[in-house]
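An overview of the molecular structure
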Amino acid sequence: MESKSTAAQPAFPAVLDYQSGFGNDFSTEAIPGALPRGQNSPLVCPYGLYAEQISGTSFTSPRKHNQRSWLYRVKPSVTHEPFRPRIPNHVKLVSEFNQSNSAATPTQLRWRPAEIPETPTDFVDGLYTVCGAGSSYLRHGFAIHMYSANKSMKDCAFCSADGDFLIVPQEGRLRITTECGRLEVSPGEIVVIPQGLRFAVDLPDGPSRGYVAEIFGTHFQLPDLGPIGANGLAASRDFLVPVAWFEDISIPGYTVVQKFGGELFTAKQDFSPFNVVAWHGNYAPYKYDLSKFCPYNTVLIDHGDPSINTVLTAPTDRPGVALLDFVIFPPRWLVAEHTFRPPYYHRNCMSEFMGLIYGGYEAKADGFLPGGASLHSCMTPHGPDTKTYEATIALGNEAGPKRISDTMAFMFESCLMPRVCPWALESPYMDHDYYQCWIGLKSHFTGDEYISEDSQDVKKK
Ligand SMILES: O=C(O)Cc1cc(O)ccc1O
Ligand SMILES: [Fe+2]
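For clarity, every value in this text was computed on a predicted model and none was experimentally measured.

Core analysis: the largest hydrophobic core is formed by 103 residues, its most contacted members being Tyr-72, Leu-166 and Phe-410. Per-element accounting of this core gives the leading share, seven residues, to strand β23 (residues 322–329). When residues of this core are assigned to domains, at least three fall in each of domain 1 (2–8 + 79–274 + 282–290) and domain 2 (293–429). When residues no more than four places from it in sequence are discounted, the contact partners of Tyr-72 are Ala-34, Leu-35, Cys-45, Leu-49, Ala-51, Val-276, Val-277, Ala-278 and Trp-279.

Rendered as structure tokens:
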């Protein structure tokens, strides 16, 4: 807690407290007794606070999907001047993908890691959309952004009215102050900031880079475990939610930046929006340490589908069809016998965007680097590069148990077909030679004797 002053934001403590659980009904107060007892909206709230509800689902969503929280704050968030288009506006954010702002391409795409900007750039200015599909207006779709920044946000908070942000830091910690409290997120951890919740990002390490999946119209949930049983993959109790924390500070000219339909709007107010003394509910930010993931995998033959490594899924109305799955490729043992162990060659009706947090990726001997990205869209063929294929075959059946260590790759997989933004296609980091990694795959066909020389017909034996 920080009492009334005009001081800049206080330093983060070395260790932050969190509550644990996924989708719980949380209750937290920075001052004992600040949560009203027995009702949400008393005539006068404890300590003279304002009650404010934030709804992440429609009021009438079925109980098992319903998400909302009650925030008890020094001043309500409506206490601000009118929203105005941000000047200069941000031209590299898209939330409704169409021919005027993005391109369709079935080509395999890959990007080298973007450099950290030289000029002062905070999280908001460092954010740019790579690809996406659908529309935040129609509440169905997603956008994949990346960020590269070097400076903390100052006297300003951000929120997206368009969708939830799943942030995957790749370089540099993020200290995130939200209306629900504070989180520190390191590379190797992820954080989800729900639609509409205000937050500010500090960069204690300076240079910072990462990925964001933004989903429109739904929220992330844990995948069902099916025959795996009651345990495994990401455990509910490893998700960490902030405890209430507030500052009661006047900051003349404080700016709330709101992403709304892909455009940025600003509203001025004279106080910090992080003035929530207590809150309760199930609509809150959370973080998760990917090293806690408990992977399941093949123990005898064949390469399992990557869905086995789903951390979080944002569903559509069709069973088993994700608007966006967040899947990881964590350290694990490979033990399959007489099996081609790397990912198989494939074409997928879902579209696959991949990133690498650290280490290497089992399907690519080189070219796919930490901080880089690749996109294999709907039905676009892809798979291991030539070097990986040849090395795997050379090893043969003698490959014993092998530990894949020091790696963390991930995939955002969607049933929607992404369009790609022009600045991503024209990016200096685009790997124009990506196709070369497969072009050298040779035929190892041994059935030539069955083909007649002149007709190419299969000879009858
Ligand atoms: O394309 C990729 O590298 C992702 C992926 C990994 C895997 O193990 C199986 C299928 C798949 O799409
Ligand atoms: Fe794939």
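Structure's up, so let's keep going.
Moving on, we come to the domain arrangement of the chain. Segmenting the chain into domains produces domain 1 (2–8 + 79–274 + 282–290) and domain 2 (293–429). Between the C-alpha centres of domain 1 and domain 2 there is a distance of 25 Å. The set of elements that each furnish at least two residues to the side of domain 1 that touches domain 2 consists of β7 (109–111), β8 (127–135), β9 (140–149), β11 (164–171) and β16 (208–216). Among the elements that make up the side of domain 1 that touches domain 2, the one with the highest residue count is β8 (seven residues). Looking at side-chain class alone, the side of domain 1 that touches domain 2 contains 30 nonpolar, 14 polar and five charged residues.

Below, the discussion takes up the sheet that holds strand β20 (residues 276–281). In spatial order, the strands read β3-β20-β5-β4; together these four strands make up an open sheet with antiparallel pairing. The sheet terminates laterally at β3 (26–29) and β4 (50–55), the two strands that pair on one side only. Shown here is a sheet whose adjacent strand axes are inclined to one another by a mean of 20 degrees, direction ignored. Pairing of β3 with β20, which is carried by four bridges, proceeds in the antiparallel orientation. Bridging from a neighbouring strand, Thr-28 pairs with Trp-279 of β20.

Definitions and cut-offs
Residues numbered from 1 in each chain as written. Chains lettered and ligands numbered in written order. Predicted model: local features only at pLDDT ≥ 70, side-chain atom pairs only at ≥ 80, totals over all residues. Core = buried A, V, L, I, M, F, W, Y, C linked by C-beta atoms within 7 Å. Buried ≥ 20, exposed ≤ 12 C-beta atoms within 10 Å, placed from the backbone. Helix = DSSP H or I, 4+ residues; strand = E, 2+ residues; numbered from the N terminus. Domains from an automatic or database assignment. Contact = placed C-beta atoms within 7 Å. Nonpolar A, V, L, I, M, F, W, Y, C, P; charged D, E, K, R; others polar. Pairing = 2+ DSSP bridges. Axes fitted to C-alpha atoms, helices over the stretch in contact; angles between N-to-C directions.

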